[in-house]
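Structural overview for review
What follows is the residue order along each chain.
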Amino acid sequence: MEEFHRHCDEVGFNAEEAHNIVKECVDGVLGGEDYNHNNINQWTASIVEQSLTHLVKLGKAYKYIVTCAVVQKSAYGFHTASSCFWDTTSDGTCTVRWENRTMNCIGGLCNPGVLNAMASQLIATSNSWAQVSLLPQPP
């Protein structure tokens, strides 16, 4: 397992740094591609996993939640929203909006604070289980 140096003395979430990491991952996976529904699962998994891997390599003792949605471009558009309740001095979020002529992508990153090193390693090794959010269905 790769060894990390934790910088626990850093306080606050660097949204610009996180945005750049997620944007580079989205560009790397989707750049030059046209929408193909057969590739969506692979693309979103790659974006999420690569983003999380790069964030963990920063060596900061943070928890990360990375999400990604890719949809075919249409006349109906693509709308999303999120809401968080947390400590704004140490926690943060960023959203990356990416598009080309055939698709839209929204990459989201939440950083809900500092986590101990043991749990951070657990999250980093189990990132593929956190790619789907299930919403409650009406009865």
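Residues numbered from 1 in each chain as written. Predicted model: local features only at pLDDT ≥ 70, side-chain atom pairs only at ≥ 80, totals over all residues. Heavy atoms only, no water.

Per an unreviewed UniProt entry, the protein carries the name Dynein light chain Tctex-type 3 and comes from Otolemur garnettii. What UniProt records for the protein under Sequence similarities (unreviewed entry) is the sentence "Belongs to the dynein light chain Tctex-type family." (UniProt positions renumbered as here; feature names shortened; annotations may be inferred.)

Our focus in this paragraph is the confidence of the model for the protein. Per-residue confidence for the protein gives a mean pLDDT of 76; residues scoring 70 or more make up 72%. Contacts of residues 1–9 to residues separated by more than four positions or lying in other chains number 16 contacts, the stretch itself having pLDDT below 50. Across residues 116–137 the pLDDT falls below 50, and counting only partners more than four positions away or on other chains, this stretch makes 18 contacts in the model. (pLDDT = per-residue confidence, 0-100. Contact = heavy atoms within 4.5 Å.)

With that settled, the discussion passes to the side chain of Asn 100. Tracing the chain through its elements places Asn 100 in the loop between strand S2 (92–99) and strand S3 (103–111). A distance of 2.8 Å separates a polar atom in the side chain of Asn 100 from the backbone oxygen of Glu 33. Here the side chain of Asn 100 touches Met 103 through a polar contact of 2.9 Å, landing on its backbone nitrogen. (Helix = DSSP H or I, 4+ residues; strand = E, 2+ residues; numbered from the N terminus. Polar contact = N/O pair within 3.5 Å; in protein donor to acceptor, adjacent residues only side chain to side chain.)

Turning our eyes to something else, we now look at the environment of Lys 63. Following the sequence through the fold, Lys 63 ends up in the loop between helix H2 (40–57) and strand S1 (65–72). Judged by relative accessible area, Lys 63 falls into the partly exposed class, the value being 28%. In this structure the C-alpha to C-alpha distance between Lys 63 and Cys 110, which are 47 residues apart in sequence, comes to 8.3 Å. (Buried < 20%, exposed > 50% of the residue type's maximum accessible area, 1.4 Å probe, protein only.)

With that settled, consider helix H1 (residues 15–30). Taking 1.5 Å per residue, 16 residues should reach 22 Å; H1 reaches 22 Å between its end C-alpha atoms and fits that length. Looking at H1, one finds that the buried residues are Ala 18, Ile 21, Val 22, Cys 25, Val 26, Val 29 and Leu 30. All buried residues of H1 lie within an arc of 140° about the axis, which places them on one face of the element. In H1, the exposed residues that point more than 90 degrees away from the buried face are Glu 16, Glu 24 and Gly 28. Buried residues in H1 make contact with H2, S1, S2 and S3. For H1, the N-terminal capping position is held by Asn 14, with its side-chain oxygen 3.2 Å away from the main-chain nitrogen of Glu 16. (Expected span 1.5 Å × (residues − 1). Arc of directions from axis to C-beta.)

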